[in-house]
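Chain by chain, the residues run as shown.
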Amino acid sequence: MGLYNVISILLLMLLQITNAASNAEEYQTYIIHMDHSHKPAYFLTHEAWHRSTLKSLSSTSPADRDDSEMLLYSYSHVMHGFSARLTPSQLSKLESSSAHVATYPESFGKMFTTHSPKFLGLRQNLGLWPAASYGQDVIIGIIDSGIWPESESFGDKGMSEVPERWKGACENGTAFTPSLCNKKLIGARSFSKGLEAAGISISKQYDYDSPRDFLGHGTHTSSTAAGNHVLSASHFGYAKGTARGVAPRAHVAMQFLMGLISCHCLLALISFLTIIAIGALSAIEKGIVVVCAAGNDGWAENSTYNGAPWITTVGAGTLDRSFTATLTLDNGLTVEGESYFPESVYISDKPLYYGKDNANKAICYYGALDPKEVAGKVVLCDNTMKTDVDGQKEEVRSAGAYAGIFMTDMSLLDPQDFVFPALIVPISTGAVIREYATQANTTKVKTLTFVHTNLGIKPAPQVAYFSSRGPDPITPGILKPDILAPGVDVLAAVAPNRLFIEVNNYNLASDYQLMSGTSMAAPHVAGVAALLKAVHREWSPAAIRSAIMTTAYSLDNTKTTIKDQWGGLPATPLEFGAGHINPNRAMNPGLIYDMDVQDYIEFLCGLGYTAKQMSAVIRRSQWSCRQQPTELNYPSFIAIFNGTDGSPKAKNFSRVVTNVGDSTSIYKAFLEVPSGMKIAVEPSSLTFTGKNQEQGFVLRVEIDNNAPKVTYGYLKWIDQQNHIVSSPVVVINY
């Protein structure tokens, strides 16, 4: 055989091998969602129908085709359909069938948890986590609307034994037995006699007469600690199980108050004569840190709740994480938009619809879209003040569109609102898409993919648009909220038997959901407090709050002032308090502003309560008040002036700081002062020669008559060891 023939044969063999490889590479695994109503009655099972469908796709005779090579799994519970290995032509043929609902390309998952502990800087082998033994032996008490004990967040693997000091109980009740408690969930009680006494029966359909939570809340990521115990009360109760994320080795005790939603609802008061305020002060007296949500009324000033000075009040911030869909148009333009649609859908080669010749169609106004025009298309909706995105979304969905693109610079949608493929884009981005939709002869969406997770986004954190703002309506002389913490799109454990979202006529539930609210932020602070208590058992609740506040940061990851989601402008301490929580720095604050119960009694004395009211709040018949009202030794400063105040408008503040850092240290005052404001500190230097030594100072703040309504600066005590003890100084000029 000649050399030429040998080479020819080898090339032919190589070509055959290459063709075989390329043919194999054409196969890909898909999950095919089928409409089960299309199953012919002569198929006894869905699997038989699925196998027959796959055989019909083969180019060879169905009788000769082994469908087992194609079919992987047949589904008939969560969804109807199957997974199979298909070529592009087979997939195309299948998708043309009227029984086809959706295609999901194969994807590989990975283990993950909520991102907030990492965003807070907590690390396995460095900083507060290992120093606190992850909160080991701290007891977290939660006042809330119940618990779902089966959640994995309450697993007790690796937990230490229940502390001997624990005197609580795990009670029997409807769908709840003491056996559900363990070394993690060490106590669970339900208090319902108040409802019964009021003649209100507990619904057997919508509630449990037990610690079990009917509403579907499961657990969250953090909680609080102090003394031997911890108390966290959050808005609408998503803080259960708290210690799994931020304080993973802390023990949890649930107190379910029937009819009690949270301290968010109960501390909207004219005075402090409420059960939460009274109970919180009692807890403080026992050394228990109390952490509460600031509220979710962020559209209004003076909207903070839980403003009692002995409560640590928490606002909500964003994380550096976003969930998006990616859109590519036929002209090559690719954009990302916000989306929480829960399916990994891949949409390709769909017409893009924009109602350019009709104003109401362009904004997807209620009843404006014609199903005959938009069915099976991707619809673009203009930004408008006539309706909101939620209304547009419902109009697009009900008209039978395949997906929707919505323009807004402020999306107020929650994850559960994304019941069909939808993405939110900024108005500027939407304008570019609109230009393409109005100028091209034929407009098409090349690809639209869901859903992607992006980390490290900027700017972050931001103050959540819903987070309540100060000054506090009850105690405006105390800056509230105290601190900002992650409260947007936080992964929270929930009861798996409650509907989360309905997609394609299927009710979806989960063990975990993304949730937002100051109720999600408060448990983060509570968890950090638990860790700090594990490191500093001797610290008072006020000391722990001080450490958290004076080590907070007010610059985002772009190195500029934390912004407000409402308009993207810089926020102020009326929104973020002392700043965003920084757990590792809080472990070693250098100085603290400490207080005890007597300080709070002195504060109450200055409010002019009657003896009966005082007795009710402080739960004692005898107490002492100084002749002259005294200031609280708070870690922040706020002065409020009005038009009747003389000139200059000035106020003095007296404070005492305690050295918890190096035995010998010298702190110098550094002032950040904006225009129109003057700040002076006397003395400007504090010298300490031992731990727990105290030093006092006086801060004077003064503003010009033409100062803006809100002005703020900072007092920072800095020593040679780089401790930075920061306090906001806020002036409101009415």
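Calculation criteria
Residues numbered from 1 in each chain as written. Predicted model: local features only at pLDDT ≥ 70, side-chain atom pairs only at ≥ 80, totals over all residues. Heavy atoms only, no water. Helix = DSSP H or I, 4+ residues; strand = E, 2+ residues; numbered from the N terminus. Buried < 20%, exposed > 50% of the residue type's maximum accessible area, 1.4 Å probe, protein only. Contact = heavy atoms within 4.5 Å. Areas by Shrake-Rupley, 256 points an atom, 1.4 Å probe, with all protein chains shown as cover. Arc of directions from axis to C-beta. Disulfide = S-S within 2.5 Å. Core = buried A, V, L, I, M, F, W, Y, C linked by side-chain atoms within 4.5 Å. Polar contact = N/O pair within 3.5 Å; in protein donor to acceptor, adjacent residues only side chain to side chain. Expected span 1.5 Å × (residues − 1). Pairing = 2+ DSSP bridges. Axes fitted to C-alpha atoms, helices over the stretch in contact; angles between N-to-C directions. Salt bridge = Lys/Arg side-chain N within 4 Å of Asp/Glu carboxyl O. Parallel < 35°, antiparallel > 145°, perpendicular 65-115°, else oblique. Left-handed = near helix turned anticlockwise from the far one by under 90°. Nonpolar A, V, L, I, M, F, W, Y, C, P; charged D, E, K, R; others polar. pLDDT = per-residue confidence, 0-100.

Enquirer: How should I be thinking about the overall build of the protein chain in this particular structure?
Expert: For the protein chain, the count of helices and strands is 18 helices and 34 strands. By residue count, 53% of the 734 residues in the protein chain fall in the buried class. The contacts in the protein chain between residues at least 6 apart in sequence include a share of 74% that link residues at least 24 apart. With the model as given, the accessible surface of the protein chain reaches about 32500 Å², and the carbon-plus-sulfur share is 52%.

Enquirer: Which parts of the structure should I look at to understand helix α18 (residues 611–618)?
Expert: Among the residues of α18, Met614, Val617 and Ile618 are the ones counted as buried. Projection of α18 onto a plane perpendicular to its axis shows the buried side chains occupying an angular sector of 80°, all on one side. Just downstream of α18, Arg619 is the residue with a positive phi angle, here 60°.

Enquirer: Is there a simple way to think about the state of the cysteines in this case?
Expert: Between two cysteines, a covalent bond joining their sulfur atoms is known as a disulfide. For the structure shown, the criterion picks out three disulfides. Paired through a disulfide, Cys170 and Cys181 show a sulfur-sulfur distance of 1.8 Å. One disulfide, between Cys170 and Cys181, carries an S-S torsion of 75° and so falls in the right-handed class. Placement of the pair is Cys170 in the loop between β5 (139–144) and β6 (185–191) and Cys181 in the loop between β5 and β6, with a sequence separation of eleven residues. Taking the relative accessible area as the measure of exposure, Cys170 reaches 18% and is therefore buried. Disulfide pairing is shown between Cys364 and Cys381; the S-S distance is 2.0 Å. Measuring handedness by torsion sign, the sulfur bridge of Cys364 and Cys381 sits at about -90° and is left-handed.

Enquirer: For this particular structure, what's the right way to read the nonpolar core?
Expert: One recurring pattern in soluble globular proteins: nonpolar side chains tend to sit buried together. Val314, Val525, Leu531, Ile548 and Ile581 are the most contacted members of the largest nonpolar core, which has 53 residues in total. Tallying contributions element by element places helix α13 (residues 518–535) first for this core, with ten residues. In this structure, Tyr353, Leu369, Val503 and Leu514 belong to the second largest nonpolar core, which totals 48 residues.

Enquirer: Teacher, can you tell me more about the side chain of Asn659 here?
Expert: Mapping Asn659 onto the fold places it in strand β28 (residues 649–659). Polar side-chain contacts of Asn659 include one of 2.8 Å to the backbone oxygen of Asp662. Not counting residues within four places of it along the chain, the set of residues in contact with Asn659 comprises Gly590, Leu591, Ser665, Tyr667, Phe688, Gly690, Lys691, Asn692 and Gln693.

Enquirer: What is the right way to read helix α2 (residues 46–57) from this model?
Expert: Working note: α-helix, 3.6 residues per turn, so residues spaced by three or four point in the same direction. Counted at 1.5 Å a residue, the expected span for α2 with its twelve residues is 16 Å, and the 17 Å between its end C-alpha atoms agrees. Those residues of α2 that fall on the buried side of the exposure criterion are His46, Trp49, His50, Thr53, Leu54 and Leu57. Each buried residue of α2 lies within a common arc of 135° when the element is viewed along its axis, so the set occupies one face. Looking at the buried positions of α2, the neighbouring elements they touch are β1 (28–34), β2 (71–76), β3 (80–86) and α3 (88–95).

Enquirer: Teacher, can you tell me more about the environment of Glu395 here?
Expert: Locating Glu395 in the fold gives a position in helix α11 (residues 389–398). A residue is classified by how much of its surface remains accessible, and Glu395, at 6% relative accessible area, is buried. Taking the C-alpha atoms as reference points, Glu395 and Cys364, 31 residues apart in sequence, are found 6.4 Å from one another. Aside from chain neighbours lying at most four places away, what touches Glu395 is Cys364, Tyr365, Tyr366, Gly367, Ala368 and Leu369. A polar side-chain atom of Glu395 sits 2.9 Å from the main-chain amide nitrogen of Gly367.

Enquirer: Mind showing me how you'd approach the sheet that holds β28 here?
Expert: Backbone hydrogen bonds are what pair the strands of a sheet, in a parallel or an antiparallel way. Read from one edge to the other, the open sheet built from four strands follows the order β26-β28-β32-β30, with strand pairing classed as antiparallel. Each edge of the open sheet carries a strand with a single partner, namely β26 (591–592) and β30 (677–682). Pairing of β28 with strand β32 (residues 694–703) involves ten bridges; the strand directions are antiparallel. Each residue of the ladder has a partner; that of Lys649, found in β32, is Ile703.

Enquirer: I'm lost on the sheet that holds strand β4 (residues 100–105) in this one. Help?
Expert: Strands sit in the order β2-β3-β1-β4 across an open sheet of four strands; the sheet is antiparallel. Each edge of the open sheet carries a strand with a single partner, namely β2 and β4. Averaged over all pairs of adjacent strands, the angle between their axes in this sheet comes to 20°, without regard to strand direction. Note that β1 and β4 share five bridges and pair antiparallel. Its bridge partner being in β4, Ile32 is matched across the sheet by Thr103. Relative to β3, α3 is tilted by about 155°, and along the sheet it contacts β1, β3 and β4.

Enquirer: Please explain the side chain of Lys393 as it appears in this structure.
Expert: Its location among the elements puts Lys393 in helix α11. A residue is classified by how much of its surface remains accessible, and Lys393, at 3% relative accessible area, is buried. When neighbours within four sequence positions are excluded, Lys393 is seen to be in contact with Phe406, Leu413, Asp417, Val419 and Phe420.

Enquirer: Hey, could you run me through the pattern of salt bridges in this one?
Expert: When their charged atoms lie close together, side chains carrying opposite charge are able to pair. This structure, assessed with the given rule, holds 16 salt bridges. Ionic pairing is found between Asp556 and Lys563, a salt bridge with its closest N-O pair at 3.4 Å. By relative accessible area, Asp556 is classed as buried at 3%. The closest approach of N and O atoms between Lys716 and Glu672, which form a salt bridge, is 2.8 Å. In this pair, Lys716 is assigned in strand β33 (residues 710–718) and Glu672 in strand β29 (residues 665–672), connecting sequence segments 44 residues apart. A relative accessible area of 38% means that Glu672 is categorised as partly exposed. When salt bridges with common partners are traced through the structure, they connect Asp390, Lys393, Glu394 and Arg397 into a single cluster.

Enquirer: Please explain the pairing of β3 as it appears in this structure.
Expert: On a regular strand, each side chain points to the face opposite its neighbour's, so the side chains alternate between the two faces of the sheet. When you tally the buried positions in β3, you get six out of seven residues, the bulk of the element. Examined bridge by bridge, β1 and β3 share six bridges and lie antiparallel to one another. In the strand pairing of β3, Gln28 is matched with Leu86.

Enquirer: Could you clarify how one ought to interpret the packing of helix α17 (residues 597–605) against α18 in this entry?
Expert: Helix-helix packing is described using two parameters, namely the angle between the two axes and the distance between the axes. Relative orientation of the contacting elements α17 and α18 amounts to 150°, with a least axis distance of 11 Å. Put simply, α17 runs roughly antiparallel to α18. Of the two possible hands of crossing, α17 and α18 adopt the one that is right-handed. Only Met614, Val617 and Ile618 of α18 make contact with α17, whose side of the interface consists of Ile601, Leu604 and Cys605. Across the contact of α17 with α18, the residue classes tally to six nonpolar, no polar and no charged.

Enquirer: I tried to follow the confidence of the model for the protein chain on my own but got confused; where do I start?
Expert: The share of residues in the protein chain with pLDDT of 70 or more is 84%, and the mean pLDDT across the chain is 84. Below a pLDDT of 50 lies the segment residues 1–25, which in the model reaches three contacts outside its immediate sequence neighbourhood of four places, other chains included. Within the model, the stretch residues 233–243 combines pLDDT values under 50 with 73 contacts to residues more than four positions away or in other chains.

Enquirer: Got a minute to help me understand unusual backbone geometry in this structure?
Expert: Of all residues except glycine, most have a negative phi; of all peptide bonds, most are trans. Residues Gly470 and Pro471 are joined by a peptide bond in cis, for which omega reads 0°. Checked against the element boundaries, Pro471 lands in the loop between β19 (462–463) and β20 (483–486). The amide bond that connects Glu682 to the next residue, Pro683, takes the cis arrangement and shows omega of -5°. Here Pro683 is to be found in the loop between β30 and β31 (685–688). In this structure, Asp349 takes a positive phi of about 50° despite not being glycine. When you line up the elements, Asp349 lands in strand β14 (residues 346–353). On the basis of relative accessibility, which here comes to 47%, the residue Asp349 falls in the partly exposed class. For Cys364, which is not a glycine, the phi torsion comes out positive at approximately 55°. Tracing the backbone through its elements, the reader meets Cys364 in the loop between α9 (359–362) and α10 (371–374).

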